[in-house]
Amino acid sequence: MTLCTFIKAGLLGGILLAAAPLQADDLEIYGFMQVSGSSQTWDEDYGASLEADGALVGTWIDHAQQANAIAGSEMFPWQGLVGLKDNTRNDISFNLQQLNVILKKRFNRQWSSFVNFEVVENYKTDYAQESEWGSFSVQEAFVRYAPSARWTFKFGKFVPTFGNFYEIYNRTPLQPYLFRPLIFEKSVGGILPPEDYLPNTMAAQVSGTLRTGIGKLDYALFLGNSEESYFAENGRNDTDAKCIGGRFGIRRGLFKAGVSGSYDYDRLDALDLGNDVVLAIDYKVPRMRYGVDFSGSAGPVSFVCEGIFVVYDLDSDQQAVVDASHAAGTSADNTLDKSFFYAHLQYDAAKWFVYGDYDFVNDGIQPWGKDGVNALIGGGGIRLTDSITWKFQVAQYSYEVSVPHPLFGAPDPLAALGGDLTPVNAPAAGVYKGTILDVQTGISIAF
Amino acid sequence: MKYTLTLLVLALIALRATAGVSVIAHPDVDAGSVDKITLADIYSLDLLALGDSDLIVFDLSDADPVREGFYAAIGKEHDKMKKLWLRAKLTGSGEPPTAVASLEEMAREVAATPGGIGYVDSASVPKGVKVLATFE
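Core analysis: the biggest nonpolar cluster contains 55 residues, and A:Leu182, A:Phe184, A:Tyr197, A:Phe340, A:Val361 and A:Tyr397 have the highest contact counts within it. In this structure A:Val361 touches A:Leu182, A:Ile183, A:Leu192, A:Tyr197, A:Ser339, A:Phe340, A:Trp368, A:Gly372 and A:Val373, once residues within four positions along its chain are discounted. Among the nonpolar cores identified, the runner-up in size contains 38 residues, and B:Val34, B:Leu60, B:Val100 and B:Tyr119 belong to it.

Bringing the interface of chain A and chain B into the picture now. Counting residues at the interface gives 29 residues for chain A and 21 residues for chain B. Together chain A and chain B conceal approximately 2,300 Å² of surface at their shared face, both sides included; 45% is due to carbon and sulfur atoms. Contact with chain B buries area across many residues of chain A, yet A:Arg109, A:Leu174 and A:Arg211 alone supply 24% of it, more than any other trio. Summed over the shared surface of chain A and chain B, the result is nine salt bridges. Put simply, B:Arg87 and A:Glu167 hold a salt bridge, and the shortest N to O gap is 3.2 Å. Applying the counting rule to chain A against chain B returns 14 residue pairs in polar contact (both at pLDDT 80 or more).

A few words on a nonpolar patch on the surface. Nonpolar side chains collect at one region of the surface, where A:Val301, A:Leu345, A:Tyr347, A:Trp352, A:Val354, A:Ile382, A:Leu384, A:Trp390 and A:Phe392 lie side by side and expose about 770 Å² of accessible area between them. Listing elements by their share of the nonpolar patch, those giving two or more residues are strand 15 (338-348), strand 16 (352-363) and strand 18 (388-403) of chain A.

Residue and element names in this part refer to chain A. Side-chain alternation along strand 15 places Lys338, Phe340, Tyr342, His344, Gln346 and Asp348 on a buried face and Ser339, Phe341, Ala343, Leu345 and Tyr347 on a face that remains uncovered. Sheet analysis places strand 14 (residues 301-312) next to strand 15, joined by ten bridges and oriented antiparallel. By the bridge assignment, glycine 307 is partnered in strand 15 with phenylalanine 341. Between strand 15 and the antiparallel strand that follows it, strand 16, lie three residues.

Segments scoring low in pLDDT should not have their predicted coordinates read at a detailed level. Residues with a pLDDT of 70 or more make up 73% of chain A, whose mean pLDDT is 80. Counting interchain partners and residues more than four positions distant, the pLDDT-below-50 stretch residues 60-82 of chain A has 62 contacts.

In this section: the side chain of A:Asn170. Residue and element names in this part refer to chain A. By the element assignment, asparagine 170 lies in the loop between strand 6 (151-158) and strand 7 (202-212). On the basis of relative accessibility, which here comes to 0%, the residue asparagine 170 falls in the buried class. At a separation of 3.2 Å, a polar atom in the side chain of asparagine 170 contacts the side chain of glutamate 118. If we ignore the near neighbours within four places in the chain, the residues touching asparagine 170 are Phe32, Gln98, Asn100, Asn116, Glu118, Gln139, Glu140, Gln175, Arg180 and Lys186.

A few words on the packing of aromatic side chains. For the structure shown, the criterion picks out 31 aromatic pairs over all chains. Aromatic rings pair up to connect A:Phe165, A:Tyr166, A:Tyr169, A:Tyr177, A:Phe184, A:Phe340, A:Tyr342, A:Phe353 and A:Tyr355 into one cluster. Sitting above the plane of the A:Tyr265 ring, A:Lys284 keeps its charged end 4.4 Å from the centroid. When the ring centre of A:Tyr30 is taken as origin, the NZ or CZ atom of B:Lys89, which lies over that ring, is 4.7 Å away.

Time to look at helix 3 (residues 65-73) of chain B. Each α-helix winds once per 3.6 residues, and so residues spaced three or four apart point in a common direction. Residue and element names in this part refer to chain B. Listed as buried for helix 3 are Val66, Arg67, Phe70, Tyr71 and Ala73. Taken around the axis of helix 3, the buried residues stretch over an arc of 160°, which confines them to a single face. For helix 3, the N-terminal cap is aspartate 64; the gap from its side-chain oxygen to the backbone nitrogen of valine 66 is 2.7 Å. Among the residues trailing helix 3, glycine 75 stands out with phi positive, at a value near 75°.

Before going further, it helps to examine the environment of B:Pro126. All names here are of chain B. The topology assignment puts proline 126 in the loop between strand 6 (116-121) and strand 7 (130-135). Along the primary structure proline 126 and alanine 111 are separated by 15 residues, whereas in three dimensions their C-alpha atoms are 8.4 Å apart. Every residue in contact with proline 126, bar those within four places of it in the chain, is listed here: Ile24, Ala107 and Val120.

Inspection of every chain in the model, using the stated rule, returns 23 salt bridges over all chains. Notably, a salt bridge pairs A:Lys216 with B:Asp46, separated by 2.9 Å at the nearest N-O pair. On the criterion of chain membership, the pair formed by A:Lys216 in strand 8 (residues 215-225) and B:Asp46 in the loop between helix 2 (36-43) and strand 2 (49-50) is interchain, its members lying in two chains. What makes A:Lys216 buried here is its relative accessible area of 15%. A salt bridge links B:Glu68 to B:Arg67; the shortest N-O distance between them is 3.1 Å. On the basis of relative accessible area, B:Glu68 is assigned to the partly exposed category, the value being 36%. Under the relative-accessibility criterion, B:Arg67 is labelled buried at 7%. A cluster of three or more residues bridged by salt bridges with shared partners is formed by A:Arg211, A:Lys216, A:Asp218, A:Arg251, B:Asp41 and B:Asp46.

Quick notes on the rules
- In this numbering scheme, every chain counts its residues from 1 along its sequence in written order.
- Starting at A for chains and at 1 for ligands, labels are handed out in the order in which the entities are written.
- The predicted nature of this model means local features are confined to residues of pLDDT at least 70 and side-chain atom pairs, given and counted, to a pLDDT of 80 or more, with totals for whole chains, interfaces and linings taken over all residues.
- Only heavy atoms go into the side-chain values, all of them from the structure, while hydrogens and water stay out.
- Here, the term nonpolar core denotes a set of buried Ala, Val, Leu, Ile, Met, Phe, Trp, Tyr and Cys residues that are joined through side-chain atoms within 4.5 Å.
- In this scheme, a residue with accessible area under 20% of its type's maximum is buried, one over 50% is exposed, and one in between is partly exposed, where area comes from a 1.4 Å probe on protein chains only.
- Contact between two residues is taken to exist if any of their heavy atoms lie within 4.5 Å; hydrogens are not considered.
- Here's the idea: put two parts together, see how much 1.4 Å probe accessible area each one loses, and the total over both is what we call buried area.
- Each salt bridge in this description consists of a side-chain nitrogen of Lys or Arg and a carboxyl oxygen of Asp or Glu lying within 4 Å of one another.
- Side-chain atoms alone can form a polar contact between residues adjacent in sequence; in general such a contact is a pair of N or O atoms within 3.5 Å, and within protein one must be able to donate a hydrogen while the other accepts it.
- Patches in this entry comprise residues that are over 30% relatively accessible and not in a salt bridge; like charges within 9 Å are linked, as are nonpolar side chains (Val, Leu, Ile, Met, Phe, Trp, Tyr) within 5 Å.
- Shrake-Rupley sampling with a 1.4 Å probe provides the accessible areas, and residues are treated as covered by the protein chains on show and by no other component.
- Only runs of H or I of at least four residues qualify as helices and only runs of E of at least two qualify as strands under DSSP, and these elements are numbered from the N terminus.
- At least two bridges found by DSSP between two strands is the condition for calling them paired.
- The predictor's confidence in any single residue is recorded as pLDDT, a number from 0 to 100.
- Stacked, tilted and edge-to-face pairs are distinguished by plane angle, under 30 degrees for stacked and over 60 for edge-to-face with tilted covering the rest, among Phe, Tyr and Trp rings (Trp via its six-membered ring) whose centres lie within 6.5 Å.
- A positively charged side chain is recorded as over a ring if its NZ (Lys) or CZ (Arg) lies within 6 Å of the ring centre. The angle to the ring normal must also be within 35 degrees.
- The reported arc concerns the directions from the helix axis to the C-beta atoms and nothing else.

Here it is in structure tokens:
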């Protein structure tokens, strides 16, 4: 455990200990967590395993990691043939996916405060940096003023009202998933950063519900910083890159629909596309995000459909950089625009539930942006008690990736190492298919 | 004999299940009556006040024919309401009803809490509360 993670653990423990005596003073402490085990089978035509004299010495991901995988291996003989095999592998892992501790205090009928501490990926059987502790954050900390259901104000740091699922995307007991719809899943945030599709935590929001003859009208308007890439070292966003947005919706009977939107800027002066490709498009690129959602239920059957579309307003210089990336084969398309869609159908019995999902995400600037990522998901769960649910889930993700240059092409890290090495069976540049089969089971607990 | 006893038990259960439900409130609550839609909105956390009265909502934690009768009357299912309340609790977006262990406790709490609203068996409406609605 590093000093940093030790301090984080101490901080959380200190907060809990300090808060405990206040329990009697209307301070509520509660939370939830989700633990899971998963088996992921990767099949990527374009990937490769590095073998020397029959022993696995690394998995090729990009050129930088390729060199590190070889240099870091004690088994590598530093000479001879390096065999490349298709990257088909199976990872089995057990994991505390998420732990949240919530402190809530109700000052009176109108005023309350809410603090949500979160730890993600707390423990992994495969070693990763800080894997003992995972990622600790104050997800939300806000004051809420609710003079009536028509007017509710939030100030602080919180998840804004945008679309359907976003408000509960990190509330595991409220969702059937172990692995959430793609852009909401934090464990793949390095590949699909949620802030590319969804407004980050906001600073102020007014929302409410109006009861009318045609149904209940919901509204929300929010304001905050653009994504955190604009934050300086002092934790402040001292640029004029801010975000405004909101959602308008209607509920009638058992059905609910809404439209959402936000306007802000995206910092794209160093957009990493993998394969050692980094695009410098611009420091501030105007961005609009739109969302539509529709959900409902009839007896034990419920459904949710949601689409999110990200549109960039590029000037000619910015578009030229994107066009050049596409022409060079490092981007699947000549656009930064992104789209995400999921449909969810669920059957609920008293003690159990089953569901099926279809997810789709596409990002034209990414190497996998030709046909996007498609996911078929099936799962279910058994409610063991009001607070404990056992869940299971099977998902298959499929995609195509553009590999701009051949493995062990220029720059050749093997040559840079100075060894007498000859790669064999190296995949050429091109478009390759990949699939991931993910099987998970786990337990969600609210406490 | 066995069938007679079974029928008798079923008849008693049915009799208990069809007992009327009365919606009760603290005498200070600024309303003389409420309709089913308003009650559904109150328990769905879409309505926080009646007139000038901020409400404190009570709910029975354990299954009971009176509870089931109340939710049937307002067109809701208790299991779905629990999900809605859990969402409010975990997102900080509202205050779920205060759970009470028995109808007797419900009556006591409503009578003692300004803004209190709850439901009891129509045959056991306590003193010190006002009745806002009755469902057979």
